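Architecture at a glance
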Amino acid sequence: MKKKLDFIFFIDFNENSGLGHLNRCLHFLRYYKSSNITFVTEKKVRIKNIKNINDKFTTVVNQKKIYDLAIIDSYNVSTNLEKEIKKICKRTLIIDDLNNRKYNCDYLINYNPGISPKDYNENLNKKTNLLLGKQYNFIINKENEKKKIKSLKSKFNILIYFGTKNRTNLIKTKILKYIFKKKSLINKITVLSKYKFNYNDLEITFLNTSNKELVLKKIKESDICFLSTGVIVYEALNCNKLIFGKYISDNQKDNYKYLTGEKEILSLNKIKDYNFNKNTANNFNKNSFSYDLYKNCIFKLIIDPIIDKIGCKIHIEYYRNYYLRDIYELQNKDFRKNYINSTTFSYKAHTNYFKKMDKNEKINTFIIKNENNFIGYIKTYDKTINTEVSIAIKKEYQNRGIATKLLKYLLTNKFFLKKPTAKIKKNNIGSINAFKKAGFINLVYF
């Protein structure tokens, strides 16, 4: 039986922090339920099956226990403290949205939609695996992909949350000023804040809590949410709520731009023109959010990678356009001879092809990596009945069992959306053997 991994989380959770850091880490745990989990927080948390060390981070790093992985979701961990944390952990992963210091971790996740590797050029160890962009937003819940926003009742509930600071003036002037005119349509207003106030004759309930389950309950009970565009906005998107958003810090700005641009939420400024009735709510242009069905395999492989024949660690990542050159360099004559179309092509043609492919939701590309080195890619094409799979490994990494082990892992863990198949050249014995050993039975030869 495989040994359980020991994970330790360093989380900003105290009297002055918001809900974001703790909630993010609880979402991240969806991928590692079978591990031994320890949370280090200044404020005590009580969560089933999670050990809580209620102390300062600097105290914990002096202990003797060695963990398999440290997950750091904190604005209070400095570069020096991160180095100390590394001494008690085999590997470290940082969940980041500030990019405001030097990082020396093994993995860094920033799901900001507009982030790129260039943003980290001056702050990063060259060995760090960067996991960037909206594909790595682990807060989004794939189970809600096909659900539509619910119809509003004749009278609806409103939820308001803009962090832990005093936002009384914002709430009064930017929200209550306008919804007061529609008070006949309102059933209940709940404000998540410790700062209480009165506004005309509106009945307002104030709730000062950091309990995730209670916050989720209040989101589910609401019809319309007025929120900052941090973690909580994704919680409300998971519940398919009508959302008006505003960024209240720089690290929330790109989320705001992306979500309003994609019409997933409305800007808070739109409240002036909104009618707040059942018909306008149903007419809101709610796009199908880009929920992703591959995160489970990808996150598990990053933390617990496949080991090839010579002991190298292999994982996969989402394709981003900065891998274009790496993929193109594989497209030589020797490599292309095993394709139906064996001709080589220019880098410009290659770039144009990927631009078209990016718009096709049925085609997905994933990058294969050894530590932080590009070694190949996997492409999946979801057709009517089957998912067509192709895999390419750099020559110097071939004959190490990588393709077989990776394909077998993905097949076993239900990575492919439909019954997987592959089209393989009949004299490409190495590829045929890799797919067969991995358990593929529906192969087509040309």
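Here the structure is a predicted model, which is why all the values come from computation and not from measurement.

What follows concerns the overall build of the protein chain. Check the secondary structure of the protein chain and you find 14 helices and 20 strands. Projected onto its principal axes, the C-alpha positions of the protein chain cover 80 × 55 × 40 Å. Counting only residues that meet the buried cut, the protein chain has 52% of its 446 residues in that class. Counted over contacts in the protein chain with a minimum sequence separation of 6, partners at least 24 positions apart contribute 55%. Here the protein chain contributes 86 positively and 40 negatively charged side chains, and the mean placements of these two sets differ by 4 Å.

In this structure the tally under the stated criterion is 15 salt bridges. Two residues, K90 and D68, come together in a salt bridge whose shortest N-O distance is 3.2 Å. With K90 in strand β5 (residues 89-95) and D68 in strand β4 (residues 67-73), this pair connects stretches of sequence that are 22 residues apart. The salt bridge involving E221 is made with K218; its shortest N-O contact spans 3.5 Å. In this pair, E221 and K218 both sit in helix α5 (residues 212-221), three residues apart, roughly one turn of the helix. Residue classification places E221 among the partly exposed positions, given a relative accessible area of 33%.

As a further point, take the side chain of E82. Along the chain, E82 falls in helix α3 (residues 79-86). When its relative accessible area of 0% is taken as the criterion, E82 is described as buried. When neighbours within four sequence positions are excluded, E82 is seen to be in contact with I72, V77, I94, R101, K102, Y103, N104 and C105.

In this model, the protein chain carries a mean pLDDT of 89, and residues with pLDDT of at least 70 account for 93%. Of the regions scoring below 50 in pLDDT, residues 144-150 engages in 14 contacts with residues more than four places distant in sequence or in other chains. Throughout residues 285-291 the model reports pLDDT below 50, and contacts reaching past four residues in sequence, or to other chains, amount to 22 contacts.

Turning next to helix α9 (residues 295-303). Within α9, seven of the nine residues are buried, which leaves it mostly tucked inside the rest of the structure. All buried positions along α9 are accounted for by K295, C297, I298, F299, L301, I302 and I303.

Take the pairing of strand β17 (residues 373-382) next. Counting buried positions over the 10 residues of β17 gives seven, a clear majority of the element. With eight bridges joining them, strand β16 (residues 363-370) and β17 adopt antiparallel strand pairing. Considered in β17, the bridge of I368 is made with G376. A loop of two residues connects β16 with β17, the two strands running antiparallel in sequence, and E371 in this loop sits at a positive phi of about 55°. As paired strands, β17 and strand β18 (residues 386-393) are joined by seven bridges and run antiparallel to one another. When the sheet's bridge partners are listed, K379 is paired in β18 with S390. Between β17 and β18, which pair antiparallel in sequence order, lie three residues.

A cluster of basic side chains, namely K174, K177, K181, K246 and K272, defines a positive patch on the protein surface. Positionally, K177 belongs in helix α4 (residues 168-179). A relative accessible area of 42% places K177 in the partly exposed class.

Here we take up the packing of α9 against helix α13 (residues 402-412). Remark: α9 packs on α13, axes separated minimally by 10 Å, with the N-to-C direction vectors making an angle of 135°. The angle between the axes of α9 and α13 places the two elements in the oblique class. The hand of the α9/α13 crossing is right-handed. Facing C297, K300 and L301 of α9, the residues of α13 in contact are L406, Y409 and L410. Per-class residue counts for the contact of α9 with α13 are five nonpolar, no polar and one charged.

Our next topic: the sheet that holds β18. Taken in spatial order, the seven strands of this open sheet run β14-β15-β16-β17-β18-β19-β20, and their pairing is mixed. A single partner strand is all that each edge strand has here, and the edge strands are β14 (306-307) and β20 (443-445). When β14 meets strand β15 (residues 313-318), the two strands line up antiparallel, connected through two bridges. Residue pairing for β15: I306 is matched across the bridge by I314. α9 contacts β14, β15 and β16 of the sheet and is inclined by roughly 145° relative to β15.

The buried fraction of strand β8 (residues 156-161) is high, at six of six residues. Bridging between β8 and strand β9 (residues 186-191) involves five bridges; their strand directions are parallel. Across the sheet, residue N157 finds its bridge partner in β9, namely K188. Traced from β8 through α4 to β9, the parallel crossover comes out right-handed.

Of note in this structure, N99 is not a glycine but carries a positive phi near 50°. Within the fold, N99 resides in the loop between β5 and β6 (107-110). In this structure N99 comes out as buried when scored by relative accessible area, which is 18%. The phi dihedral of N200 is positive, around 50°, even though this residue is not glycine. Along the polypeptide, N200 turns up in the loop between β9 and β10 (204-206). Exposure remark for N200: the relative accessible area of 55% places this residue in the exposed category.

Each value, and the rule that gives it
Along each chain, residues carry numbers from 1 onward, in the same order as the chain's sequence is written. Residue-level local features of this predicted model are given only where pLDDT is at least 70; pairs of side-chain atoms are given and counted only at 80 or more, and the full residue set underlies all totals for whole chains, interfaces and linings. Each side-chain value is derived from all of the structure's non-hydrogen atoms; neither hydrogens nor water enter the calculation. For the purposes of this entry, the term helix denotes a DSSP run of H or I that reaches at least four residues, the term strand denotes a run of E that reaches at least two, and both are numbered from the N terminus. Residue burial is assigned from relative accessible area. The probe radius is 1.4 Å, only protein chains are included, and a residue is buried under 20% of its type maximum, exposed over 50%, and partly exposed in between. Two residues qualify as a contact provided that any one of their heavy atoms is within 4.5 Å of a heavy atom in the partner residue. Lys and Arg are tallied as positive, Asp and Glu as negative. Neither His nor the chain termini are counted. Where a charge sits is defined by one atom per residue type, namely NZ (Lys), CZ (Arg), CG (Asp) or CD (Glu). Throughout this description, the term salt bridge denotes a Lys or Arg side-chain nitrogen within 4 Å of a carboxyl oxygen of Asp or Glu. Per-residue confidence from the predictor is reported as pLDDT, which spans 0 to 100. Pairing between two strands is assigned when DSSP locates at least 2 bridges connecting them. Only residues whose relative accessible area exceeds 30% and that form no salt bridge enter a patch; like-charged residues are grouped when within 9 Å of one another, and nonpolar side chains (Val, Leu, Ile, Met, Phe, Trp, Tyr) when within 5 Å. Exposure was quantified through the Shrake-Rupley algorithm and a 1.4 Å probe, taking into account, for residues, occlusion by the shown protein chains and nothing else. Axis lines are fitted through C-alpha atoms, for helices just across the contact stretch, and the angle between N-to-C directions can take any value from 0 to 180 degrees. Roughly parallel means an angle under 35 degrees; roughly antiparallel means over 145; roughly perpendicular covers 65 to 115; every other angle is labelled oblique. For any pair of crossing helices, the crossing counts as left-handed if the nearer helix is rotated counterclockwise from the farther one by less than a right angle, and right-handed if it is rotated clockwise. Polarity classes work like this: nonpolar for Ala, Val, Leu, Ile, Met, Phe, Trp, Tyr, Cys and Pro, charged for Asp, Glu, Lys and Arg, and polar for all others, with Gly in that last group. Here a crossover is taken to be right-handed if, once the strands point away from the viewer, the path from the first strand over the helix to the second is traced clockwise.

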